[in-house]
Structures are given as structure tokens and as C-alpha cells.
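Letter by letter, the chains look like this.
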Amino acid sequence: MINDYPQALTIAGTDSGGGAGIPADVKTMQMRGVYSAMVVVAVTAQNTLGVQDTFPMPEKLIDEQFASIASDLKIRACKTGMLADSIRVKAVVRNLKKYNLGPLIIDPVMVAKGGAKLLSDDAIAIVRDKLLPLATLITPNIPEACELTGINIKDKTDIKRAAHELQKRGAKNILLKGGHAENSQKANDYILFEDGNDMWLTAPRINTKNTHGTGDTISACITAEIAKGRSMEQAIMIGKTYVEQTIKEGIHVGHGHGPLNHWVKVKGDEIDDI
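Everything numeric here is computed off the predicted structure, so don't read it as measured data.

### Quick notes on the packing of helix α7 (residues 214-227) against helix α8 (residues 232-248)
Moving on, step 1. It is the contact of α7 with α8, at a shortest axis distance of 8 Å, that shows an interaxial angle of 140°. With respect to each other, α7 and α8 are oriented oblique. At the point where α7 passes α8, the crossing takes the right-handed sense. For the pair α7 and α8, contact is made by Thr-214, Thr-217, Ile-218, Cys-221, Ile-222, Glu-225 and Ile-226 and by Met-232, Ala-235, Ile-236, Ile-238, Gly-239, Lys-240, Tyr-242, Val-243 and Ile-247, respectively.
Moving on, step 2. Across the contact of α7 with α8, the residue classes tally to 11 nonpolar, 3 polar and 2 charged.

Right, here's the structure in full:
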């Protein structure tokens, strides 16, 4: 049967070092048994030490990439990552409204692991007001949630407030990642579902600097699982387990914040029967 295989789309920037962005998304989706397509929004000169340069794609080329994919593939879920600037964000929003590409997972990438800014100030407002309302799921970390809500997040109460504010702004489901919380031996992630139910996921911190691409990886894994027909809760749980394993069974590449080990399989995972 034509187009019967699970297919997902990543809409993001490249990482020449291979650890984050589109390379991380493609590797993750491949490992999760899903065919991955891509819309390249920007190209970066990047490695484990940081981002040296960026070059945004012309709007016309972004439009043409979307058109090419929509005319041939059957995308069952899609995700966004680095979107560069307000012009590119507007182009992505326009195309997401034009084509049916399945549920949308937004990873609101704003700052690289090395500290380089990956989203301009004027683009943040467009993400908040135009892109966020299209989201089936948004996966911000604490600094990103602060930027999008204006809430100064200091504790669990603030995390819940920020998640509910993001839902008020249109996102159906929220995974607010607590890995950036200070003075904590555990990472506490908060999940707020569309129906109002919520839950906390707690995991011990792993002592490593090789965490480049964690946000890309968990959002790509969730996107892949949604493309396979998983429920939102199942997809998030698998995503959390997968990214934890990629860190625990780490590899050593580069001289800075190294990449994850995308080759790992979740314990007992048979890809199609987890």
C-alpha cells in the first residue's frame, strides 16, 4: 500500500556537528522506526563547543520544501525546532496552516547549549502568539517557559502556573522540562494534558556534560511515537525513557557539550511493541 509506513516531519535548523537540530531529530526518528522528512529553516556552523554562525533559508525555499513534502508524503506528525527569526517563524506558521501534517509538537528552541541565541527577540512574540496556538504539545525548558509566559519560575508552583498559562495561550498539552532548575539533585518535569489532568515525572540527574541535543531528541521521539499512533501520555513516557538512556549510555564526541547516544534501545523495546 502506498504511504502506509509511519512518517514524521522535522522543521528546524541543521547542526554541522551532528548532535542537535535536524540531525538529532532524524537519528531519533530512525531509531524509533519512523521515516523522517525535513524542512530546513536555517543552516548553522556548530559543534560541541558552540554555534559559530547561522544562515536562514529564503522564504521561497521554505515554502517549496513544505509543498514538496505535502504533495508526496503522508506525514502523520510534525515538530518544530530552531526557527531562526521572525521571517522564518511566519513562513512556518503559514505553511502549517496550509497543509495537514498531523499533530504538531513544538520545541521552542531559543538558546543553544553553549549559550548562543538561536531565536531573535522579535520572533519570540510570534512563536507565542501565532505558533503556540497550533501546538498539540509544547516542550519548553524553564528558561523558555519564562520567556513565553513572563513568569519568573523558581519552584514547582511556578512551573504549574507557567504550564497553565501556556495552555491558556492555545497549546493543548504541555511538557515543561525541569532540567534547568537550580540546586536540585533531580529533574522534575511537569505534564499538563489537554483534559486538565496532570502529572510529575522525576528522574535523578546524571553527572555528565554530554547532553547536547536533549530537547531535540525528546521532542523528536515524542513526534515519532505520535506518528505511530501512540497516545500523548504513551509518547511522552517513551520519549522520557529514551532520552534518559541516550544520556546514561553516553558516547564521547568532541571537546565541549557532547552529543547523546542515539543508538540506544529502551530496555525491552521491540520498536513496534513497547
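### Structural notes on unusual backbone geometry
Moving on, step 1. Phi at Asn-3 takes a positive value of approximately 60°, unusual for a residue other than glycine.
Moving on, step 2. Phi is positive for Ala-84, which is not a glycine, with a value near 75°.
Moving on, step 3. In this fold, Ala-84 is placed in the loop between β4 (77-80) and α3 (86-98).
Moving on, step 4. Here Ala-84 falls in the buried class, since its relative accessible area comes to 16%.

### Describing the packing of helix α5 (residues 142-149) against helix α6 (residues 156-168)
Each pair of packed helices can be described by the angle between their axes along with the distance between the axes.
Moving on, step 1. In the contact formed by α5 and α6, the axes pass within 10 Å of each other and the chain directions differ by 55°. As judged from the angle between their axes, α5 and α6 are oblique. Two packed elements cross with a definite hand, and for α5 against α6 that hand is left-handed. Of the residues in α6, those touching α5 at Ile-142, Leu-148 and Thr-149 are Ile-159, Ala-162, Glu-165 and Leu-166.
Moving on, step 2. Tallied by class, the residues present in the contact of α5 with α6 amount to 5 nonpolar, 1 polar and 1 charged.

### So, helix α2 (residues 59-72)
Moving on, step 1. The end-to-end C-alpha distance of α2 is 21 Å, a good match for the 20 Å that 14 residues give at a rise of 1.5 Å each.
Moving on, step 2. Restricting attention to buried positions, one finds in α2 the residues Ile-62, Gln-65, Phe-66 and Ile-69. Axial view of α2: buried residues confined to an arc of 95°, hence all on one face. Summarising the geometry of α2, the exposed residues directed more than 90 degrees from the buried face are Lys-60, Ser-71 and Asp-72.

### Regarding the packing of aromatic side chains
Moving on, step 1. For the structure on display, the rule yields 1 aromatic pair.
Moving on, step 2. Plain terms: the ring middles of Tyr-190 and Trp-200 are 4.9 Å apart, the flat faces sit at 50° to each other, and that makes the pair tilted. In this pair, Tyr-190 sits in strand β8 (residues 186-192) while Trp-200 sits in strand β9 (residues 198-204), placing the two residues 10 residues apart along the sequence.
Moving on, step 3. Taking the relative accessible area as the measure of exposure, Tyr-190 reaches 0% and is therefore buried.
Moving on, step 4. Note that Lys-156 overlies the ring of Trp-200, its terminal NZ or CZ placed 4.7 Å from the centroid.

### Brief notes about the sheet that holds β4
Moving on, step 1. What the 9 strands build is an open sheet, ordered β3-β2-β1-β4-β5-β6-β7-β8-β9; its pairing is mixed. Either end of the sheet is taken by a strand with one partner, and the two such strands are β3 (50-56) and β9.
Moving on, step 2. Seen against the sheet, helix α1 (residues 21-31) touches β1 (7-13), β2 (35-47) and β4 and runs at an angle of roughly 165° to β1.

About the thresholds
Residues numbered from 1 in each chain as written. Predicted model: local features only at pLDDT ≥ 70, side-chain atom pairs only at ≥ 80, totals over all residues. Heavy atoms only, no water. Axes fitted to C-alpha atoms, helices over the stretch in contact; angles between N-to-C directions. Helix = DSSP H or I, 4+ residues; strand = E, 2+ residues; numbered from the N terminus. Parallel < 35°, antiparallel > 145°, perpendicular 65-115°, else oblique. Left-handed = near helix turned anticlockwise from the far one by under 90°. Contact = heavy atoms within 4.5 Å. Nonpolar A, V, L, I, M, F, W, Y, C, P; charged D, E, K, R; others polar. Buried < 20%, exposed > 50% of the residue type's maximum accessible area, 1.4 Å probe, protein only. Expected span 1.5 Å × (residues − 1). Arc of directions from axis to C-beta. Phe/Tyr/Trp six-rings, centres within 6.5 Å; stacked < 30°, edge-to-face > 60°. Lys NZ or Arg CZ within 6 Å of the ring centre and 35° of its normal. Pairing = 2+ DSSP bridges.

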